[in-house]
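Here is what each chain is made of, one letter per residue.
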Amino acid sequence: MGRGGRARMVLTVAAAVVVAGLAGGCSSHDTAQEDETRQHYCSALGTWQQTKARSENADIAGYAALAAARRLDREGLDRSGSHVLQDTALAVDNADTGAEGRVATYCTDAGFETYVR
């Protein structure tokens, strides 16, 4: 292999290492942040479910759940055809049990089933 071939191979390997490093660094950071955002939402939703069952501070807990749903929506974490912001609003504002079930399923699918009913 000539000098040109070795130089091309070194550049190709170096480029592959840089791309792999960047992709790995970004995706692992984003995944942890996404999980934290989902966990925050599911925790807020679960708190709202508990307070509404006791009729204590349900409005405040509902606002917190809606704020967390807005964050999910803003960060593009509302996936798989779910409509977390819309369903959270329907559950909190209109006592829509179907919408509440859908957002609880979202939390279950995200791995935070212990946070919701």
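This one's a predicted model, so the numbers in the text were calculated from it and none came from an experiment.

Draft legend 1. How the structure looks around the confidence of the model for the protein. This prediction gives the protein a mean pLDDT of 79; 73% of its residues lie at or above 70. The weakest mean pLDDT in the protein belongs to helix H1 (residues 3-54) at 65; the strongest belongs to helix H3 (residues 84-94) at 95. Across residues 6-29, where pLDDT falls below 50, the model places two contacts with residues more than four positions away in sequence or in other chains.

Draft legend 2. Quick peek at the side chain of Thr51. Mapped onto the fold, Thr51 is located in helix H1. With sequence-adjacent residues up to four places away left out, Thr51 is seen in contact with Glu56, Asn57, Ala58 and Ala61.

Draft legend 3. Expanded view of the state of the cysteines. Here the structure, examined in full by the defined rule, presents one disulfide. Each disulfide pairs two cysteine sulfurs, and for Cys42 the partner residue is Cys107, the sulfurs being separated by 2.2 Å. Its S-S torsion of approximately -100° makes the covalent link between Cys42 and Cys107 left-handed. Taken together, the residues span a long stretch of sequence, with Cys42 in helix H1 and Cys107 in helix H4 (residues 97-109) at a distance of 65 residues.

Draft legend 4. Seen up close, the nonpolar core. Tyr41, Leu45, Trp48, Leu72, Val84, Tyr106 and Cys107 are the most contacted members of the largest nonpolar core, which has 22 residues in total. Among the secondary structure elements, those contributing two or more residues to this core are H1, helix H2 (58-74), H3 and H4. The biggest single contributor to this core is H2, with six residues. Not counting the four nearest positions on each side in its chain, Trp48 is found in contact with Ala58, Ala61, Gly62, Ala65, Ala91, Val92 and Glu100.

Here is what the cut-offs are and how they apply
Residues numbered from 1 in each chain as written. Predicted model: local features only at pLDDT ≥ 70, side-chain atom pairs only at ≥ 80, totals over all residues. Heavy atoms only, no water. pLDDT = per-residue confidence, 0-100. Helix = DSSP H or I, 4+ residues; strand = E, 2+ residues; numbered from the N terminus. Contact = heavy atoms within 4.5 Å. Disulfide = S-S within 2.5 Å. Core = buried A, V, L, I, M, F, W, Y, C linked by side-chain atoms within 4.5 Å. Buried < 20%, exposed > 50% of the residue type's maximum accessible area, 1.4 Å probe, protein only.

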